[in-house]
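Survey of secondary and tertiary structure
Each chain, letter by letter, is given below.
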Amino acid sequence: MPDLHMVVCVKVVPKSEEIRVDPETMHLIREGVRSEINPPDMNALEMALDLKDRHGGRVSLLSMGPPPFETYLQAALAMGADHVYLLSDRAFAGADTLATTYTLAQGIRKLGDVDIVFCGEESADGATGQVPSGLAEWLNVGQLTLLTNIEMDLKRGVARGHRELKGGYEILEVPLPVVVSVTTACNEPRFMDYRIKPWAFEAGRVTVWTAGDLDADENHIGFNGSPTVVSSLAEAPSRERKKQFLEGSPAEIAQLLLNVFREDLPQ
Amino acid sequence: MTVSLYNPGEEQKSILVFLEHEGGVLANVSLELLGKGREMADGLHWSLAGLLMGHQVADLAHEAIAYGADEVWLGEHPLLQFFTIEAYAHTAFQAVSDGKPSVFLLGATPNGRDLAGRLAVRLRTGLNADCSGLRIDPDSGVLVSEVSGFGGGVLALIEMRTHRPQMATVRPGVFTPSEMDRNKNGKVIEIPLVLEEDMIQTQVVEREVGSGIDLTRTPVLVAGGRGIEGDFLMLQKLADLLGGDVGATRPPVDEGHIERQRQIGQTGVVCSPEVAICCGISGAFHFVVGIEKANTVIAINSDPEAPIFDYADYCIVGDVHQIIPEIITALRSEGEIAHA
Ligand SMILES: Cc1cc2nc3c(=O)[nH]c(=O)nc-3n(C[C@H](O)[C@H](O)[C@H](O)COP(=O)(O)OP(=O)(O)OC[C@H]3O[C@@H](n4cnc5c(N)ncnc54)[C@H](O)[C@@H]3O)c2cc1C
Ligand SMILES: Cc1cc2nc3c(=O)[nH]c(=O)nc-3n(C[C@H](O)[C@H](O)[C@H](O)COP(=O)(O)OP(=O)(O)OC[C@H]3O[C@@H](n4cnc5c(N)ncnc54)[C@H](O)[C@@H]3O)c2cc1C
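Residues numbered from 1 in each chain as written. Chains lettered and ligands numbered in written order. Predicted model: local features only at pLDDT ≥ 70, side-chain atom pairs only at ≥ 80, totals over all residues. Heavy atoms only, no water.

Digging into the overall build of chain B
- The helix and strand inventory of chain B stands at 8 helices and 17 strands.
- Relative to its length of 340 residues, chain B is compact, with a C-alpha radius of gyration of 22 Å against a globular reference of 20 Å.
- Based on the C-alpha atoms only, the size of chain B along its principal axes is roughly 65 × 40 × 40 Å.
- Here chain B holds 340 residues, and the buried ones make up 59% of them.
- Excluding contacts between residues fewer than 6 apart, the proportion of contacts in chain B whose partners are at least 24 apart in sequence is 65%.
- Total accessible area on chain B stands at roughly 13,100 Å², and carbon and sulfur atoms take up 49% of it.
- Across chain B, the 24 positively charged side chains and the 46 negatively charged ones have centroids separated by 6 Å. (Helix = DSSP H or I, 4+ residues; strand = E, 2+ residues; numbered from the N terminus. Rg over C-alpha atoms; globule rule 2.2 N^0.38 Å. Buried < 20%, exposed > 50% of the residue type's maximum accessible area, 1.4 Å probe, protein only. Contact = heavy atoms within 4.5 Å. Areas by Shrake-Rupley, 256 points an atom, 1.4 Å probe, with all protein chains shown as cover. Lys, Arg positive; Asp, Glu negative; His and termini not counted. Charge placed at Lys NZ, Arg CZ, Asp CG, Glu CD.)

Considering the site of ligand 2
- The environment of ligand 2 is formed by 26 residues, the closest being Arg226, Thr249, Ile264, Thr267 and Ser282 of chain B.
- More than one chain approaches ligand 2, the contributing ones being chains A and B.
- A distance of 3.0 Å is found between an oxygen atom of ligand 2 and a backbone nitrogen or oxygen belonging to Arg250 of chain B.
- At a separation of 3.3 Å, an oxygen atom of ligand 2 approaches a polar side-chain atom of His286 of chain B.
- Those elements giving two or more residues to the shell around ligand 2 turn out to be helix H6 (250-254), helix H7 (285-288) and helix H8 (320-339) of chain B.
- A per-class count over the shell around ligand 2 returns 7 nonpolar, 15 polar and 4 charged. (Near = heavy atom within 4 Å. Polar contact = N/O pair within 3.5 Å; in protein donor to acceptor, adjacent residues only side chain to side chain. Nonpolar A, V, L, I, M, F, W, Y, C, P; charged D, E, K, R; others polar.)

What to know about the site of ligand 1
- Neighbouring residues of ligand 1: 33 residues in total, closest Lys11, Asp41, Ser123 and Thr128 of chain A together with Leu127 of chain B.
- Those residues lying near ligand 1 are distributed over chains A and B.
- In the environment of ligand 1, an oxygen atom lies 3.3 Å from a nitrogen or oxygen atom belonging to the backbone of Asp96 of chain A.
- Isolated, ligand 1 exposes 930 Å² of accessible area, and the fraction of that covered by the protein chains is 92%.
- At the level of secondary structure, the elements contributing two or more residues to the shell around ligand 1 comprise strand S6 (58-64), helix H3 (97-111), strand S8 (116-120) and helix H4 (131-139) of chain A together with strand S7 (127-136) and strand S8 (143-149) of chain B.
- Of the residues that constitute the shell around ligand 1, the class distribution is 15 nonpolar, 13 polar and 5 charged.

Description of the sheet that holds strand S7 (residues 83-87) of chain A
- Strand order in the open sheet made by the 10 strands is S13(A)-S7(A)-S6(A)-S1(A)-S8(A)-S12(A)-S9(A)-S10(A)-S11(A)-S12(B), with mixed pairing throughout. In this open sheet, the two edge strands, each paired with only one partner strand, are strand S13 (207-209) of chain A together with strand S12 (203-208) of chain B. Each strand axis lies, on average, 30 degrees off the axis of its neighbour in the sheet, ignoring direction.
- Taken together, the 3 bridges between S7 of chain A and S13 of chain A define a ladder with parallel strand orientation. (Pairing = 2+ DSSP bridges. Axes fitted to C-alpha atoms, helices over the stretch in contact; angles between N-to-C directions.)

A word on the confidence of the model for chain B
- With 98% of its residues at a pLDDT of 70 or more, chain B has an overall mean of 94.
- Interface confidence for the predicted complex, expressed as ipTM, amounts to 0.92; the pTM equals 0.89. (pLDDT = per-residue confidence, 0-100.)

What about helix H6 (residues 250-264) of chain A?
Residues and elements named next belong to chain A.
- The terminal C-alpha atoms of H6 lie 21 Å apart, and with 15 residues this matches the ideal 21 Å at 1.5 Å per residue to within 8%.
- Every buried residue belonging to H6 is among Ile253, Ala254, Leu257, Leu258, Val260, Phe261 and Asp264, and all of these are buried. Within H6, the buried residues cover an arc of 160 degrees as seen down the axis, which keeps them to one side. (Expected span 1.5 Å × (residues − 1). Arc of directions from axis to C-beta.)

Thoughts on the side chain of Asn38 of chain A
Residues and elements named next belong to chain A.
- Residue placement: Asn38 occurs in the loop between strand S5 (35-37) and helix H1 (39-55).
- There is a polar contact of 3.0 Å between the side chain of Asn38 and the backbone oxygen of Glu122.
- Discounting residues that sit within four places of it in the chain, Asn38 has contacts with Lys11, Val13, Glu122, Ser123 and Ala124.

Some words on the interface of chain B and chain A
- Across the boundary between the two partners, chain B contributes 86 residues, which contact 80 residues of chain A.
- In total, about 7,400 Å² of surface goes out of reach between chain B and chain A, with carbon and sulfur atoms giving 56% of it.
- A per-residue breakdown of the area chain B buries against chain A is headed by Arg118, Phe150 and Tyr314 of chain B, which together make up 10% of the total.
- Remark: the boundary between chain B and chain A carries 42 residue pairs in polar contact (both at pLDDT 80 or more).
- It is helix H4 (residues 110-123) of chain B that provides the largest number of residues to the side of chain B that touches chain A, a total of 10 residues.
- As paired strands, strand S15 (residues 244-245) of chain A and strand S17 (residues 314-317) of chain B are joined by 2 bridges and run parallel to one another. Residue pairing in the sheet places Gln244 of chain A in a bridge with Tyr314 of chain B of S17 of chain B. (Buried area = accessible area lost by both parts, 1.4 Å probe.)

What about the packing of H3 of chain A against H4 of chain A?
Residues and elements named next belong to chain A.
- Direction vectors running N to C along H3 and H4 enclose 55 degrees, while the axes themselves pass 9 Å from each other. As summarised for this structure, H3 and H4 are arranged oblique, according to the angle between their axes. The way H3 lies across H4 gives a crossing that is right-handed. Contact with H3, carried on its side by Leu98, Thr100, Thr101, Tyr102, Leu104, Ala105, Ile108 and Arg109, involves Val131, Gly134, Leu135, Trp138 and Leu139 of H4 and no other residues of that element. (Parallel < 35°, antiparallel > 145°, perpendicular 65-115°, else oblique. Left-handed = near helix turned anticlockwise from the far one by under 90°.)

A word on the nonpolar core
Residues and elements named next belong to chain B.
- Judged by nonpolar contacts, the single largest core of 40 residues is most densely connected at Ile15, Leu34, Leu52, Leu105, Leu134 and Ile136.
- Among the elements that line this core, the one with the most residues is helix H1 (residues 28-44), at 6 residues.
- The contacts of Ile136, once residues within four sequence positions are left out, are Ile15, Met40, Leu44, Trp46, Val103, Gly141, Val142 and Leu143. (Core = buried A, V, L, I, M, F, W, Y, C linked by side-chain atoms within 4.5 Å.)

Considering the pairing of strand S12 (residues 178-182) of chain A
All names here are of chain A.
- Most of S12 sits out of view: 5 of its 5 residues are buried.
- A two-sided burial pattern is seen for S12, the buried positions comprising Val178, Val180 and Val182 on one face and Val179 and Ser181 on the other.
- Pairing of S8 with S12, which is carried by 5 bridges, proceeds in the parallel orientation. Within S12, the residue paired with Val117 across the bridge is Val179.
- Summarising the sheet, strand S9 (residues 142-153) and S12 pair through 4 bridges and their orientation is parallel.

Listed below in structure tokens is the structure:
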């Protein structure tokens, strides 16, 4: 088998704790909000880099988003990936999962012979978890979702994944090419390699592709390609809690809690 | 615009629910969706159908009818014994293209999400993911879904006006099942199936599921975070005395201190207990969504600034290793007095 080509789909997300909604316009307020690479995407990247360490091959990063994503992607590149591609075009804006998966799939098609596409299990912002299997469908390939581990049998051309379920696990085998999703915190992402950092941050390191470069059908991208419409957006009303501090020795606090249990628990 | 395989003009006025099962039992989340589906269908005089796929599962069809389905669309085949994305997506696609339901609901479970993601693309339709509320507008027949994002901090209403079916996934524990009615009538309709071995790429090498832990309905949740340093035995004692169960944040689960089914939060379980006791938990957004529906929240944390106190009714600043043994002692001596 020629060398493995792995693509890792990486989303840059605002830190959840810092996001606010403008009640007038119902738009997200992004000013002053720090971003990061979606945490499970770092685990997906680590899984890909680990396979590269063991079997050779190359790792490409792929992201759809605006130009400011570039620096985050370059930091990920400096962990040991080989190429980075940013799909960026005003026409991609407003994409729901259908349009997002179409666009990412077009990017992967343009990359050519891809063996494994890695994704995180879900994003920290939209958190639909629908991108991995939607992507597999557009590409018409198999899928292995919610993996904590992957092993390759390159002779047979199959990937074997340990899939985590709430009440147990499955071990599944799927022939390549395959789309994989990776669970949060299943491994320890490596640090940036300071020897390759200067290379990763060179100008022009990120290849930017527009809708035209992807030969994208305009009916399938951005707002046009998105069946879902957001009709309202608001900060979640957090439930009002009493926030009453109980004071005293541990034994006194325990007695106060017994009263709470007596009141709030059906006998 | 993308065009879905069928449009609102061609839809049937019906709601379809994906019926998941394990070990011969319908999943709670499927019963919950039948409950919600029944309520919405009754309000509009629509019909409610269940989509049941598996091998030797016909008995479950009657169960689904007793829980509210008017019809069960049954895909019965040896190749459907275990969930594989190829066989299930193929069967579900056929059922949906034939039956053309207006609305298609699935549990936001590992298999439900996988199937939903595939089908939405194959049907060229939209998908409202992880909904916490559902409503059908009686005039337009449009499904309005409440979804959250940013770890639960933002709520949005999502709808699709021009694409069918209107797909949505819902997490376990959000809705309640209807009362079971064994006398309810319903029809079982077989899906004509052509499934061949070579259509299936996924090979299930090993499989172990169903340990029966279900925190969605526990009356008392005792949840531990990194601050309890793996001492879940102590929490179990407390939970036993209160007739409840033990849950955890993500880090102790990742570190192997406790089973994955006990993880509470965004990528875990959403609970609705009478009382939730959070021990050594900082109160990250991703955790707090899982206890938002608790009636009363008690938090114990050594850091007076811990965010968890903003989400608690009763706040205790202190060391869990001191406070919890005292609560256990107090509950035990109260029990002794009660029995004396
Ligand atoms: C509050 C909120 C609710 C939303 N609800 C819905 C909804 O119900 N239905 C809907 O269709 N859309 C919804 N969206 C829009 C959705 O977030 C976007 O379509 C998004 O582009 C992809 O979905 P996701 O972030 O949920 O990805 P997920 O499926 O959760 O992400 C899984 C993985 O896919 C990869 N990935 C995802 N996006 C990208 C990207 N841009 N570039 C590279 N890799 C990527 C990453 O590896 C990621 O870990 C919602 C958005 C918000 C903010
Ligand atoms: C995509 C994504 C999904 C996630 N999903 C989930 C999820 O479903 N569920 C979840 O829980 N997390 C989830 N997380 C992780 C989440 O963001 C937090 O990191 C996690 O909840 C923190 O767990 P914790 O509170 O136990 O640990 P920490 O944040 O480390 O907090 C430990 C707390 O214990 C206190 N403490 C320490 N010692 C003591 C003592 N002796 N007595 C009393 N208090 C003490 C400390 O003051 C501190 O507040 C997710 C993250 C991402 C990115």
